Amino acid sequence: MSVKFAALHLLLGLLLVRFVYWPCDTHADSKQPVTTRDGVDASSYLPGTPKPVRAAFVVLVRNSELAGMKRAMRQIEDRFNRKFNYPYVFLNDVAFTEEFKLETTAMTKANVTFGEIPQKHWSYPAWINQTYAGECRKEMQRQGVFYALSESYRHMCRFNSGFFFRHPLLDEIDYYWRIEPDVEYSCDIDYDPFLYMHRNDIKYGYTIALHEYPETIPTLWKTVKEFVALNPGFVRHPAGYSWLSEDGGETYNGCHFWSNFEIGSLAFFRSPEYLAYFDHLDRAGGFFYERWGDAPVHAIAAALMLRKEEVHWFEDIGYYHNPWTNCPQSAESRLRCHCDPSKSAVHHYWASCTKDWLLLPDSDAPENNSQRVSQTLQNSS
């Protein structure tokens, strides 16, 4: 037998084995199991693909905060977004520099867009007496109020209270996650909080709840009560009053969700009820004559408009914004976190509003929830 004939014989034998014992399956790819995450096709979390929820990180930031913004992005990318690739929307009251756009875009594989805030959303409305507003700022300075003289801080609070969700870049977005420069995330986040909120009909999420400085909001509660008197249908969650007030609604105890971290439904803020509420507050002038923050404005609306189950404490998300931190308490959480549970804000009186919110009766279970809350907040020691 020649060498050529032997080689041909061997080749034919190999082909016979290939097609007899391992027949070609032209549909092999379609039979491969689909990789899923949170019950959805994991490919939907690839960069540039439509996500399971129309959501984005929303960032109000100045060009001068580039370094702090990159630090925050590195944190959220490493802990969460490198696996989920949700887009970023950056907003500024002036145009972003090319340096800012280039360096922040380089921090992520996700889509990044940049927008300028319309002047009408970052300026004094016609009904504000700017001379009087200046006098009020000086008086607050004499009282030692933080950011007493800052006009930009007041424009920021007003924008976050009533305008951020109206920006055209958010028109196709249903949920937002607010991020600020220099914040830290101390735990791996292995699930999709946007999808969790969507599936569980949650409208607002937070990590830390504090008492507001009363000298910044002397007439806010009075203005809220005036609005409620004119619009009693605004209050869908009467139990929320017991979280906001310790004397039956006469005064405001300052409890609010710290809004530098919030994950929320934009449909809540875009609702006619919230828009009417904000418009009433805006007309009262407290954003400029006092120093009303977006945190109490958001929190009061959430507490009175939403059911308890529609507001969620992201206890499992480790988060730090100077000077407060949220650190998960369970032993299991310590396997994916590097924060100190004993230093979590939930243990501090000034941040006791989280415990108070959890103690509110559930909508479908009016009995006392203290035992469940105690288990949730058990000390790590």
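Everything that follows concerns the structure shown earlier in this document.
We now turn to the structure provided with this report. All figures in this text were calculated on a predicted structure; none of them were measured in a lab. (Residues numbered from 1 in each chain as written. Predicted model: local features only at pLDDT ≥ 70, side-chain atom pairs only at ≥ 80, totals over all residues. Heavy atoms only, no water.)

Moving on, we come to the overall build of the protein. Of regular secondary structure, the protein possesses 14 helices and 14 strands. The burial tally for the protein puts 50% of its 381 residues in the buried class. Relative to all contacts within the protein whose residues are 6 or more apart in sequence, the contacts with residues 24 or more apart total 77%. (Helix = DSSP H or I, 4+ residues; strand = E, 2+ residues; numbered from the N terminus. Buried < 20%, exposed > 50% of the residue type's maximum accessible area, 1.4 Å probe, protein only. Contact = heavy atoms within 4.5 Å.)

On to the sheet that holds strand 14 (residues 324–326), then. Read from one edge of the open sheet, three strands run 7-13-14, paired in antiparallel fashion. Each edge of the open sheet carries a strand with a single partner, namely strand 7 (184–185) and strand 14. In the sheet, strand 7 pairs with strand 13 (residues 319–321) via two bridges, with the strands oriented antiparallel. Counterpart to Glu184 in the pairing with strand 13 is Tyr320. (Pairing = 2+ DSSP bridges.)

This model, assessed by the stated rule, comprises three disulfides. Note that Cys187 is cross-linked by a disulfide to Cys337, the S-S spacing being 2.0 Å. Residues Cys187 and Cys337 are joined by a disulfide whose S-S torsion is about 115°; by sign, that bridge is right-handed. You can see Cys187 sitting in the loop between strand 7 and helix 6 (193–199) and its partner Cys337 sitting in the loop between strand 14 and helix 13 (353–358), a full 150 residues away along the chain. For the pair formed by Cys187 and Cys337, the shared burial category is buried. Paired by a disulfide, Cys255 and Cys353 hold their sulfur atoms 2.1 Å apart. On the sign convention where negative is left-handed, the bridge of Cys255 and Cys353, at about -85° about the S-S bond, is left-handed. Here the residue Cys255 occupies a position in strand 10 (residues 255–257), and Cys353 occupies one in helix 13, the gap between them amounting to 98 residues. The same class applies to Cys255 as to Cys353, namely buried. (Disulfide = S-S within 2.5 Å.)

All chains considered together, the criterion is met by 23 salt bridges. Asp190 is the partner of Lys83 in a salt bridge, and the nearest nitrogen-oxygen pair spans 2.7 Å. With Lys83 in helix 2 (residues 66–84) and Asp190 in the loop between strand 7 and helix 6, the pair connects residues that are 107 residues apart, well separated along the chain. Notably, a salt bridge pairs Lys308 with Asp362, separated by 3.0 Å at the nearest N-O pair. Here Asp362 lies in the loop between helix 13 and helix 14 (370–376) and Lys308 lies in the loop between helix 12 (294–305) and strand 12 (311–313), a separation of 54 residues in the sequence. A relative accessible area of 5% places Lys308 in the buried class. In the salt-bridge network here, residues are joined through shared partners; they are Asp201, Lys203, Arg307, Glu309 and Glu310. (Salt bridge = Lys/Arg side-chain N within 4 Å of Asp/Glu carboxyl O.)

Moving on, we come to a negative patch on the surface. Judged by side-chain charge, Glu246, Asp247, Glu250 and Asp356 come together as a negatively charged surface patch. By the element assignment, Asp247 lies in the loop between helix 8 (240–244) and strand 10. Take Asp247: its relative accessible area is 36%, and that puts it in the partly exposed class. (Patch = residues over 30% accessible without salt bridge, like charges linked within 9 Å, V, L, I, M, F, W, Y side chains within 5 Å. Areas by Shrake-Rupley, 256 points an atom, 1.4 Å probe, with all protein chains shown as cover. Lys, Arg positive; Asp, Glu negative; His and termini not counted. Charge placed at Lys NZ, Arg CZ, Asp CG, Glu CD.)

By themselves, these observations are geometric and do not establish any function.
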